[in-house]
Every structure is written in structure tokens, then in C-alpha cells.
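In case you want the letters, here they are:
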Amino acid sequence: MSKIIDISNTWHTLSQRCLYSKTRPLDIHAAVSQTDQMRFHENSAAYSWTNEPLGDLKYLTDYRGKTGLVVAGSGDQPVVFRQLGSAKILVFDISQQAIMWTEFKDVCVQLLTRRQLIHLALEIPETLQEKARHDKLYRVVRHNITEPSRRFFDTILSKKASLPALLVDGEFFRGNDHPFIRDFLPYMFDDNAYFAARQGLLASEMRVVWLDLIQILTATKREIFDYIYLSNIFDRWHLFGIDLNHIMPMLRHALAKHEEAIIICHIDPKFLSSTQGQFVRESVAASAAQARLKFNNHCRATREYWTISHS
Ligand SMILES: C[S@@+](CC[C@H](N)C(=O)[O-])C[C@H]1O[C@@H](n2cnc3c(N)ncnc32)[C@H](O)[C@@H]1O
């Protein structure tokens, strides 16, 4: 991308299709099979399901009516933030697979029942009858995603035959390492939770863009967000040349100036207890302080999340 177009305060007024054309169009020809699961890049395999206890997010702040900037990850986080009452979220990710999967999951929760979603995404069809049922559900979803995402799913499904198989094969999705864990997914707990999530989706706006963190902060530099969710993007920042001292001031600028405004990061407790994990924690805390932000340790209720707020 040569020139980054400013989408501040306009992204939610544009259709998803138009937003892609203004930011960065999905490019399914570049969506090649991936085997390197250590790195994140423009075509890295998407997380099929979250590996974070997303139920804990509710302890961090009140999301009702708020605007969030959210990294897509497995696409579950955008659903949960809207289940928790967010009014508008802008979702970004360095990986276009993650973006397309987020679109797909969003439509599933809006249009399928919980049982149908389980069937489509988790149960490999074994009989012709089950295959026909799968195809029927897939048609409902494909009809409601953008054209490039539809082409992507059509193409890879024509090779793999079923979505549950695709989600665990490690080529485009990381379900082999990150399986479905119902306890991590507040919208999948039961039918009531699922219905609440659907209501949240219907009552809010979501747009997704295929941009990395620096690019999205640049593209929205005249806009502020009540919360910014970064998952564990910072875990391996030192390996990929992410300059925390460059990012922190940008994050500070993007974060609304009220007391509840927070940046939310995830860290795996196992990683945190390692030497490298400690190094990451100290580095994030130090660059936050340098940017006049306050680093808040995990609290008991949310062992895996830390936050950064205005000091
Ligand atoms: C860090 S991963 C971890 C997965 C996450 N714990 C979950 O439950 O989905 C979350 C997402 O961050 C994306 N990502 C990593 N580095 C990024 C960057 N610099 N800018 C934008 N997205 C990034 C990855 O593509 C991935 O989809």
C-alpha cells in the first residue's frame, strides 16, 4: 500500500465493499497456503477459534454504546465485544484470512442457529444427507459475505470439501493448534447467550479492514476509540521489528480521553512466566510509561488480560 487513505469517522458510514476498495482490497490470489505458523503476515493462517478466555473481557470495562478498534484474531472477539453492547467496532488484521473468517463468522451468528453453526463449522459430514445439509447452510452464509470472501471460501472449499476439515488443516486455518473450546466463547455457552450475541450484532455496526496495526492507526489518525483490543500482538514484537516506542504514542493518540478508555492486551500465562514473557511485559510497561500511559497488571478476575490506560 503506497498511500493510506484516512477513514476516520467515515468507516462505519461506508458499505463493507466500499471500505475494502478504499483501504485495501482483499486479494484471494495472494491467499496462498501457509505452513509457517510462527509468524503473522499478510496471508498468515487464521485462528479458527480463540485461544483466550473471552468471557473475562466483561470484567475490564463497560462496552455499552462504545466504539472499539479491535484486532480480528479468530473473529470471535468482534462477536463478543458486540454481545457486550459495543455500538461500533472497526476490525483490522494483518492477515486477510483472519478478515475473511471474521466476515464469515459474523454472518453465521446473525443467520444460523447455534446448532447450525456447530454443524457447519465443527461436524465433518459423513453421509450424503449431512453433506447436503452442510451445503445448504454454507449457501446461506456465502450469499451474505462480500464477493472476495465468497470467492476465497468457494475456492478453498472446492479443494477441501467441508468447512470443519478446512478449519483444522493448518494451511489456511490454525484449528489444529487452536481447537474449539466452548468455555472460551461466551456467545456459544448456550442458546440464550447465542441469542444475546445475535441481538448485539443486529444492534451495532462492524466494519473490517485488511490493514496492520500501524496502518490502521495511520488510517484513523483523526478518530478516537473508547477501547482498543490488541490480543497478543505484542508477545513477539521484538522478533518482527515492531517498535513499541513508536506505537505507544500512536495508541495514546487514538485512545479516547475519558477514565474508562482502555487498551486491552492478552498474554498467555505460561508465556508470561517465561524469561521472554517477563521481558515482553517489562518492555510494554516501559514504553507505555514513556508515552505517559499507565500499564495495569492482570487482576484476579482476568488473569490473562492486562490493560493500558491514561495515567
Ligand atoms: C496475535 S494473534 C493471537 C490469536 C488470539 N489470541 C485469538 O484468540 O484469536 C491475533 C491476531 O493478530 C493478528 N496480528 C498479528 N500481528 C499483527 C499486526 N502487527 N497488525 C495487525 N494484526 C496483527 C494476527 O493475524 C491474528 O489474527
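The rules we used
- Residues numbered from 1 in each chain as written.
- Predicted model: local features only at pLDDT ≥ 70, side-chain atom pairs only at ≥ 80, totals over all residues.
- Pairing = 2+ DSSP bridges.
- Helix = DSSP H or I, 4+ residues; strand = E, 2+ residues; numbered from the N terminus.
- Axes fitted to C-alpha atoms, helices over the stretch in contact; angles between N-to-C directions.
- Near = placed C-beta within 6 Å.
- Nonpolar A, V, L, I, M, F, W, Y, C, P; charged D, E, K, R; others polar.
- Expected span 1.5 Å × (residues − 1).
- Buried ≥ 20, exposed ≤ 12 C-beta atoms within 10 Å, placed from the backbone.
- Arc of directions from axis to C-beta.
- Contact = placed C-beta atoms within 7 Å.
- Parallel < 35°, antiparallel > 145°, perpendicular 65-115°, else oblique.
- Left-handed = near helix turned anticlockwise from the far one by under 90°.
- Right-handed = clockwise from strand over helix to strand, strands pointing away.

Draft legend 1. Seen up close, the sheet that holds strand β4 (residues 227-229). The strand order across the open sheet formed by seven strands is β3-β2-β1-β4-β5-β7-β6, and the pairing between neighbours is mixed. Lying at the two open borders of the sheet, with one neighbouring strand each, are β3 (205-209) and β6 (293-296). Adjacent strand axes in the sheet meet at a mean angle of 20°, parallel and antiparallel pairs treated alike. As paired elements, strand β2 (residues 88-92) and β3 share five bridges and run parallel to each other. Looking at the pairing, Lys88 lines up with Glu205 of β3.

Draft legend 2. Highlighting the site of the ligand. Taken together, 21 residues form the shell around the ligand, and within it Phe40, Thr50, Gly73, Ser74 and Asp212 come nearest. Grouping the constituent residues of the shell around the ligand by class yields nine nonpolar, nine polar and three charged.

Draft legend 3. Layout of helix α8 (residues 191-202). The end-to-end C-alpha distance of α8, which contains twelve residues, comes to 16 Å, matching closely the 16 Å that a straight helix rising 1.5 Å per residue would cover. For α8, the full list of buried residues reads Tyr194, Ala197, Arg198 and Gly200. The buried side chains of α8 occupy one side of the element, clustering within an arc of 155° when seen end-on. Facing away from the buried side of α8 by over 90 degrees, the exposed positions are Asp191, Asn192 and Leu202. Looking at the buried residues of α8, the elements they touch are α2 (76-83), α3 (96-111) and α4 (114-122).

Draft legend 4. Quick peek at the environment of Val280. Turning to its location among the elements, Val280 is positioned in helix α12 (residues 275-290). As a C-alpha pair, Val280 and Asp62 span 218 residues in sequence and 27 Å in three-dimensional space.

Draft legend 5. Quick look at the packing of α3 against α8. Between α3 and α8, the shortest axis-to-axis distance is 8 Å and the interhelical angle comes to 115°. By the angle between their axes, α3 is roughly perpendicular relative to α8. As for how α3 packs across α8, the hand of that crossing is left-handed. Contact residues: α3 offers Asp106, Val109 and Gln110, while α8 offers Ala197, Arg198, Leu201 and Leu202. Class assignment of the residues belonging to the contact of α3 with α8 gives a composition of four nonpolar, one polar and two charged.

Draft legend 6. Here's a closer look at unusual backbone geometry. Unusually for a residue other than glycine, Ser231 sits at a positive phi of about 50°. Along the chain, the position of Ser231 falls in the loop between β4 and α10 (244-254).

Draft legend 7. Summary view of the pairing of β2. With four of five residues buried, β2 lies mostly within the body of the structure. In this sheet, β2 lies alongside strand β1 (residues 67-71) in parallel orientation, the contact comprising five bridges. Of the residues in β2, the one forming a bridge with Val71 is Phe92. In this view, the connection linking β1 to its parallel neighbour β2 by way of α2 has right-handed handedness.

Draft legend 8. How the structure looks around the packing of α2 against α8. Close contact between α2 and α8 brings their axes to 7 Å; oriented N to C, the two are set at 85°. Here α8 runs roughly perpendicular to α2, going by the angle between their axes. Of the residues in α8, those in contact with Val79, Arg82 and Gln83 of α2 are Ala196, Ala197, Gly200 and Leu201. By residue class, the composition of the contact of α2 with α8 is four nonpolar, two polar and one charged.

Draft legend 9. Geometry of α10. Restricting attention to buried positions, one finds in α10 the residues Ile247, Met248, Leu251 and Ala254. Projection of α10 onto a plane perpendicular to its axis shows the buried side chains occupying an angular sector of 125°, all on one side. Every exposed residue of α10 that faces more than 90 degrees away from the buried side is listed here: Asn245 and His246. For α10, the elements touching its buried residues are β1, α9 (213-219), β4, β5 (262-266), α12 and β6.

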